[in-house]
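Overview (structure and organization)
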Amino acid sequence: EGVLGGTLAMTMCGLLAAITMQSINRSRFTVSRIENVEPPTSYVALTELALGGNVSKLVFTLTLAASLGVCSTYIVFVGQTLASLSADEVSNNVVHMIAPNVDERTWEIITAGTVYPLSLIRNYGVFAFTSALGVTAVLGGIA
């Protein structure tokens, strides 16, 4: 619980993610040697080579559902956060000054409308600067 528990949990999640990625990478190269093809570049392609077409369709469906779930949850989170900042008259924050008392659904629509065009960008190097800014802002918020 607290900072120590959070740090331990994040460290364990990072360790599990690293082990999982190593396992997937080993599986990619193993299946490519066995099937004598290039290493697959997605979970679906790896599953199709290793377990067949029906299972790969299941993996595709589950991956799609997980991705949509994460994205929609993030949009709801951003909408709730901006709505609470918009309604906060006491702190006189920037969001309240620009858009006072905007409801959650409107913020969710604005967020989705902003994220959609960004999702069409296929060169993620464009986001390197804004990503660094985000990390710096989070670290500044923690400090």
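Everything here concerns the structure above.
So, here is what we can say about the structure in this document. For every chain, the first residue of the written sequence is number 1, and numbering continues from 1 onward in sequence order. The predicted nature of this model means local features are confined to residues of pLDDT at least 70 and side-chain atom pairs, given and counted, to a pLDDT of 80 or more, with totals for whole chains, interfaces and linings taken over all residues. As a convention, hydrogens and water are excluded, and side-chain values are obtained from all of the structure's heavy atoms.

1. Some points on the packing of helix α2 (residues 43-51) against helix α3 (residues 53-87)
Axes, fitted as lines to C-alpha atoms, cover a helix only where it is in contact. Angles between the N-to-C directions of the axes lie from 0 to 180 degrees. The way it works is that DSSP assigns letters per residue, a run of H or I at least four long becomes a helix, a run of E at least two long becomes a strand, and they are numbered from the N terminus. Relative orientation of the contacting elements α2 and α3 amounts to 155°, with a least axis distance of 7 Å. Taken together, the axes of α2 and α3 are roughly antiparallel relative to one another. As α2 runs across α3, the sense of the crossing is right-handed. On α3, the residues that touch Tyr43, Val44, Thr47, Glu48 and Leu51 of α2 are Gly53, Val55, Ser56, Val59 and Phe60. Asp, Glu, Lys and Arg are counted as charged, while Ala, Val, Leu, Ile, Met, Phe, Trp, Tyr, Cys and Pro are counted as nonpolar; the rest, among them Gly, fall into the polar class. Taken together, the residues of the contact of α2 with α3 break down into six nonpolar, three polar and one charged. An angle below 35 degrees is read as roughly parallel, one above 145 as roughly antiparallel, one from 65 to 115 as roughly perpendicular, and any other as oblique. For any helix crossing, the convention is left-handed if the near helix is rotated counterclockwise from the far helix by under a right angle, and right-handed if that rotation is clockwise. Whether two residues are in contact is decided by their heavy atoms: any pair within 4.5 Å suffices.

2. Digging into the packing of helix α1 (residues 2-35) against α2
Where α1 contacts α2, the axes come no closer than 10 Å and their chain directions differ by 45°. For the element pair α1 / α2, the angle class is oblique. Once α1 is placed against α2, the crossing between them reads as left-handed. For the pair α1 and α2, contact is made by Ile24, Ser27, Arg28, Val31 and Glu35 and by Tyr43, Leu46, Leu49 and Ala50, respectively. Across the contact of α1 with α2, the residue classes tally to six nonpolar, one polar and two charged.

3. A few points about α3
The span one expects for a helix is its residue count, reduced by one, times 1.5 Å. The end-to-end C-alpha distance of α3, which contains 35 residues, comes to 51 Å, matching closely the 51 Å that a straight helix rising 1.5 Å per residue would cover. Relative accessibility under 20% of the residue-type maximum defines a buried residue, over 50% an exposed one, and the middle range a partly exposed one, all with a 1.4 Å probe and only protein chains included. Inspection of α3 places Ser56, Val59, Ile75, Val78, Gly79, Ala83 and Ser86 among the buried residues, and these make up the whole buried set.

4. Description of unusual backbone geometry
A positive phi angle, close to 60°, is found at asparagine 36, a residue other than glycine. With respect to the element layout, asparagine 36 can be found in the loop between α1 and α2. Phi at asparagine 101 takes a positive value of approximately 55°, unusual for a residue other than glycine. With respect to the helices and strands, the residue asparagine 101 is situated in the loop between α4 (94-98) and α5 (104-119). Asparagine 101 sits in the exposed class, given a relative accessible area of 51%.

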